[in-house]
Amino acid sequence: MTNNDNYAIRPHKVNVGGIFIAALKGAIQPLSAVVFVPLFLLFPSLGAALYYHVFSKQNEKSLNFKKGFFKSLDIKSVVASELIYLISLYVTVKAVVYKIQEYFEIYQAKALDSGVLQIGTAEQIEYSQSIKQILYLGGALIFFVIAIIVTNTMIKCHHKDYCTTVSLSIKDAFKALGLNIIGYTLLFVTLGFCFSVLEAYYAQLKLMHLQGYILKTDAFDPTIVFNLLRIYFLHIAFFSLSLFAYASVGLKERISFKK
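About the thresholds
Residues numbered from 1 in each chain as written. Predicted model: local features only at pLDDT ≥ 70, side-chain atom pairs only at ≥ 80, totals over all residues. Heavy atoms only, no water. Helix = DSSP H or I, 4+ residues; strand = E, 2+ residues; numbered from the N terminus. Buried < 20%, exposed > 50% of the residue type's maximum accessible area, 1.4 Å probe, protein only. Contact = heavy atoms within 4.5 Å. Areas by Shrake-Rupley, 256 points an atom, 1.4 Å probe, with all protein chains shown as cover. Lys, Arg positive; Asp, Glu negative; His and termini not counted. Charge placed at Lys NZ, Arg CZ, Asp CG, Glu CD. Axes fitted to C-alpha atoms, helices over the stretch in contact; angles between N-to-C directions. Left-handed = near helix turned anticlockwise from the far one by under 90°. Nonpolar A, V, L, I, M, F, W, Y, C, P; charged D, E, K, R; others polar. Phe/Tyr/Trp six-rings, centres within 6.5 Å; stacked < 30°, edge-to-face > 60°. Lys NZ or Arg CZ within 6 Å of the ring centre and 35° of its normal.

## Considering the overall build of the protein chain
At step 1: What the protein chain contains, in helices and strands, is 9 helices and 0 strands.
At step 2: Along the first, second and third principal axes, the C-alpha set of the protein chain runs to 70 × 40 × 30 Å.
At step 3: Across the 259 residues of the protein chain, 44% fall into the buried class.
At step 4: Sequence-distant contacts in the protein chain: of pairs separated by 6 or more residues, those separated by 24 or more amount to 77%.
At step 5: Summing over all exposed atoms, the protein chain offers an accessible surface of approximately 14,700 Å²; the carbon and sulfur share of this is 70%.
At step 6: Looking at the protein chain, you have 24 positive and 15 negative side-chain charges, and the mean spots of the two groups are 12 Å apart.

Listed below in structure tokens is the structure:
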């Protein structure tokens, strides 16, 4: 099978290592992050449709700009997916903010009862851990919502591209996600670890910069560099998630360094 029209939608397990190969393929195309990251953050379905075009028409090269994007673009699916994304994002943010406020009130009550100066106390550590957990849970929810949106978009684009009919694309999308839950979880955990390390170094360097500013000495401001790194990591995450979703519904035999 060499052409996409020879592929039928077939949710199946993808080699787990493929998620890391997909990440490496995204990592070697950093310039496309300028377009794909903002697009994906605002309109994940539209970003996924563009990635479908990249994978099916551009030999997985993001900046080839070949014709045919609008042929496979399903506007109705993009609009519906965007509504689902925005609703999910709103509900998740509201829930996370509510829980953070609840944790703060608990921490405040415990801190007042302890009567101890709150620097590295057990109450602070417990509060910090609770915040991290709720942020990870919220992030995981949005991540898997995006995974479903991307997978469903890949199916819709394929059927639109080859003028075939589809009635249960969302069912196939959920099935593909379930079959590859380990791969997606690995991607999310790896992404969470990378951002944790990144933010820890940023906080350390930013503190040194502020100290230098107060003491009126030269100090490196890490903000621009670390913002670029954040965008780069997000680009890798979106590329690998999209390629993994593309393969999970049978549009690619397997993910490897070769096409």
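## Digging into the packing of helix 3 (residues 44-57) against helix 9 (residues 223-248)
At step 1: Between helix 3 and helix 9, the shortest axis-to-axis distance is 10 Å and the interhelical angle comes to 65°. Like other packed secondary-structure pairs, helix 3 and helix 9 cross with a definite hand, here right-handed. Along the contact surface, helix 3 presents Tyr51, Tyr52, Phe55 and Ser56, while helix 9 presents His235, Phe238, Phe239, Ser242, Leu243 and Tyr246.
At step 2: For the contact of helix 3 with helix 9, the residue count by class is 7 nonpolar, 3 polar and no charged.

## Let's talk about the packing of aromatic side chains
At step 1: In total, this model carries 18 aromatic pairs according to the counting rule given.
At step 2: When the centroid spacing of 5.2 Å and the interplanar angle of 90° are considered together, the rings of Phe143 and Phe144 count as edge-to-face.
At step 3: Here the aromatic rings of Tyr184 and Phe244 are separated by 5.1 Å at their centres, their planes lie at 90°, and the arrangement is edge-to-face. On the criterion of sequence distance, the pair formed by Tyr184 in helix 8 (residues 181-214) and Phe244 in helix 9 is long-range, its members being 60 residues apart. An identical accessibility class is assigned to Tyr184 and Phe244; each is buried.
At step 4: The positively charged end of Arg230 is found above the aromatic ring belonging to Tyr202, 4.6 Å away from the centroid.

## What to know about helix 2 (residues 33-42)
At step 1: Restricting attention to buried positions, one finds in helix 2 the residues Ala33, Phe36, Val37, Leu39 and Phe40.
At step 2: Its buried side turned inward, helix 2 meets helix 3, helix 6 (122-161) and helix 9.

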